[in-house]
Amino acid sequence: MAKKPQLVVGLELGEDTCKLVAFHPDHRRIEFVGLTWVEPAWRESSEALGKGLSTWLADLKLDKGIKAASVCVSGVSSMLTLAELDPNLPLDQSATFEACQWLGKAENEFHVNALPHGTGPMGEPAHLLVAHRKETIQRVRSVAEAAGLPLAEVGVDAIAALNAFEINYSTWTDRLVAVVLASSRNLQIVWTKNGQFLGHGVVVLSSGEGADQIALEGGKALQAGLGLQGASPDHLEGVFLAGDLAAEAGFAPRLGNGTKFEIRLLDAFSAISFPSAEGMLGQLAETAPKCAVALGLAVALSEGERA
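Residues numbered from 1 in each chain as written. Predicted model: local features only at pLDDT ≥ 70, side-chain atom pairs only at ≥ 80, totals over all residues. Heavy atoms only, no water.

Visitor: What am I meant to see in the overall build of the protein chain here?
Guide: For the protein chain, the count of helices and strands is eight helices and 13 strands. Seen through its C-alpha atoms, the protein chain measures out along the principal axes to roughly 60 × 45 × 40 Å. Expressed as a percentage of its 307 residues, the buried residues of the protein chain come to 50%. Counting contacts in the protein chain only where the partners sit at least 6 residues apart, residues at least 24 apart contribute 66% of the total. For the protein chain, the accessible area works out to roughly 14,600 Å², and carbon and sulfur atoms hold 49% of it. Both charge centroids of the protein chain, one from 24 positive and one from 36 negative side chains, sit 4 Å from each other. (Helix = DSSP H or I, 4+ residues; strand = E, 2+ residues; numbered from the N terminus. Buried < 20%, exposed > 50% of the residue type's maximum accessible area, 1.4 Å probe, protein only. Contact = heavy atoms within 4.5 Å. Areas by Shrake-Rupley, 256 points an atom, 1.4 Å probe, with all protein chains shown as cover. Lys, Arg positive; Asp, Glu negative; His and termini not counted. Charge placed at Lys NZ, Arg CZ, Asp CG, Glu CD.)

Visitor: Whenever I open this one, the nonpolar core confuses me. Can you help?
Guide: The tendency in soluble globular proteins is for nonpolar side chains to be buried side by side. Ranked by internal contacts, the top residues of the largest apolar core, which has 43 residues, are Val21, Ile30, Phe165, Leu266, Phe269 and Leu295. The element that contributes the greatest number of residues to this core is helix H8 (residues 292-302), accounting for eight residues. Not counting residues up to four positions away in its chain, the partners in contact with Phe165 are Trp172, Val177, Val179, Thr192, Phe240 and Leu266. In this structure, Leu198, Ala221, Leu228 and Val239 belong to the second largest nonpolar core, which totals 26 residues. (Core = buried A, V, L, I, M, F, W, Y, C linked by side-chain atoms within 4.5 Å.)

Visitor: Mind showing me how you'd approach the packing of helix H1 (residues 46-59) against helix H3 (residues 134-147) here?
Guide: For the pair H1 and H3, interaxial distance at closest approach is 7 Å and the crossing angle is 40°. Between H1 and H3, the crossing angle belongs to the class labelled oblique. When you trace H1 past H3, the crossing you get is right-handed. Every residue of H3 that contacts H1 at Ser46, Glu47, Leu49, Gly50, Lys51, Leu53, Ser54 and Leu57 is listed here: Arg139, Ser142, Val143, Ala146 and Ala147. Here the residues of the contact of H1 with H3 are counted per class, giving six nonpolar, four polar and three charged. (Axes fitted to C-alpha atoms, helices over the stretch in contact; angles between N-to-C directions. Parallel < 35°, antiparallel > 145°, perpendicular 65-115°, else oblique. Left-handed = near helix turned anticlockwise from the far one by under 90°. Nonpolar A, V, L, I, M, F, W, Y, C, P; charged D, E, K, R; others polar.)

Visitor: Where do I start with the sheet that holds strand E7 (residues 125-133) in this structure?
Guide: One key point about sheets: their strands pair by backbone hydrogen bonds, in either a parallel or an antiparallel sense. With antiparallel pairing, the three strands of this open sheet are ordered in space as E5-E7-E6. At either margin of the open sheet sits one strand with a lone partner, and together these are strand E5 (79-84) and strand E6 (110-119). Neighbouring strand axes in the sheet, compared pairwise and without regard to direction, differ in orientation by 25° on average. Set on the sheet, helix H2 (residues 91-103) makes contact with E5, E6 and E7; between it and E6 the angle comes to about 105°. Most of the contacts of H3 go to E7, to which it runs at about 70°, and overall it touches E6 and E7. (Pairing = 2+ DSSP bridges.)

Visitor: Where do I start with the packing of helix H4 (residues 157-168) against H8 in this structure?
Guide: Working note: a packed helix pair is described by the angle between its axes plus the distance between those axes. Across the interface, H4 lies against H8 with an axial gap of 7 Å and an inter-helix angle of 80°. Taken together, the axes of H4 and H8 lie roughly perpendicular to each other. Contacts between H4 and H8 involve Asp157, Ala160, Ala161, Asn163, Ala164, Ile167 and Asn168 on the former and, on the latter, Ala292, Val293, Leu295, Gly296, Leu297, Val299 and Ala300. Each residue belonging to the contact of H4 with H8 can be placed in one class, and the counts come to 10 nonpolar, three polar and one charged.

Visitor: Hey, could you run me through the pattern of salt bridges in this one?
Guide: Where charged atoms from two side chains of opposite charge approach closely, those side chains can pair. Taken as a whole and assessed by the stated rule, the structure comprises 13 salt bridges. Here Glu12 ties to Lys19 by a salt bridge, and the two come within 3.8 Å at their closest N and O atoms. Of the two residues, Glu12 and Lys19, both sit in the buried class. Residue Glu262 pairs with Arg264 through a salt bridge whose shortest N-O separation is 3.1 Å. Look at Glu262 and you get partly exposed, because its relative accessible area is 45%. You can call Arg264 partly exposed: its relative accessible area is 25%. Through salt bridges with shared partners, a single network forms among Glu15, Asp16, Arg43 and Arg185. (Salt bridge = Lys/Arg side-chain N within 4 Å of Asp/Glu carboxyl O.)

Visitor: What exactly am I supposed to notice about the sheet that holds strand E4 (residues 66-73) here?
Guide: Spatially, the five strands line up as an open sheet ordered E3-E2-E1-E4-E8, and their pairing is mixed. Whereas interior strands pair on both sides, the edge strands pair on one side only; in this sheet they are strand E3 (29-37) and strand E8 (151-156). Each strand axis lies, on average, 20° off the axis of its neighbour in the sheet, ignoring direction. The sheet contact formed by strand E1 (residues 7-13) and strand E2 (residues 17-24) spans six bridges and is antiparallel. Within the sheet, the bridge partner assigned to Val8 lies in E2 and is Phe23. Packing against the sheet, H4 makes contact with E4 and E8, and its axis sits at approximately 90° to E8. Of the strands in this sheet, E1, E2, E3, E4 and E8 touch H8, which is tilted by about 145° from E1.

Visitor: What am I meant to see in unusual backbone geometry here?
Guide: Peptide bonds are, in most cases, trans, and in most cases residues other than glycine have a negative phi. Of note in this structure, Lys61 is not a glycine but carries a positive phi near 60°. Relative to the elements of secondary structure, Lys61 occurs in the loop between H1 and E4. Relative accessible area serves as the criterion here: at 70%, Lys61 is assigned to the exposed category. Positive phi values are uncommon outside glycine, yet Asn194 reaches one of about 55°. Within the secondary structure, Asn194 is located in the loop between strand E10 (186-193) and strand E11 (196-204).

None of this, on its own, says anything about what the molecule does.
Spelled out as C-alpha cells, the structure:
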C-alpha cells in the first residue's frame, strides 16, 4: 500500500531562486529545506516553470509525499493595508469596496481577502485587506498544477516573512519591529508590534541598480517609517532581515548604516525542530534568512492540516 502523503510545503517562487520548506504538521518539525535556481527555460511560461519544479521535487524525492502546499505571490504587486469596514455590509462586499477605493480599479480586476485584525482607531472591527490581480493568482495556480502540487493556499511573501518572525522571536513581539524582505530588485518592510500588522512599505529600484542602492534606499525607508501606521519610526527597536540579500556579505551593515537600530538576520529555523540539522549549522545559518518566507507559508498552512 502506498504511503499516505504527510507533509505540507511552503514554496516561494522568487525572481532568481525558488525556496521550499517541507513541514510535518503532526510532529511539528521541519523535514526538508530546498533551494534551486530558476533556470532560463523555466521563465518561458507558467507551465515551463511548473514542469521545472516538478523535476526538482522528484529529484528531492518529495513528489509523492506532499499533502498540501502553500505558494506565495509578491507583496510588491499586492495591496496590504488595515481598514475598518462598513459593518452594515457583508464582509466580502465591504472589503471589495474598500479595495476599489484604495486601488482605483474595478472589482473584477483583482481578488480580495479580508482577515480580522483587532479594532481600529474608530472603534470598529479592523481587517487586514490583501488584494492581488486575478492574473497573478491564476499564474500561481497554473504553476502548481503543472508541478503536480496540491495547492491549498496562495499566500503573500511579506506576510509569510512576518509569520516566520513571530514563530521564532516570541520575546520580541511586544516591541516595534520591522521585518525586511530584500531581493535583488526590491525591498519590502512589514511593521509589527504586539502581534499586530502596522503597515507595509515597498522600495522598488530601476533596472541596473544593485544591492548597495537597495540597502541605501531601504535604510532611508526604515528611518522614515515607510508604510508605518499608528506608530513612530523613532520607537523602532529592531529590524529582522530576510530574503535573498539577507546573508550577502555587508548588506545588513549597509542597510543599518547611520541608524540607531540593530539589523538582525531572521533565523527561520531557531525555534522549530529540524532533525537533519546536525552537522549543517554553517549551511543553515546562511539558508535560514532566505527560507523565512517558505517556512512562514508551511507553518501557517500546517495549522489546518493536522491529523
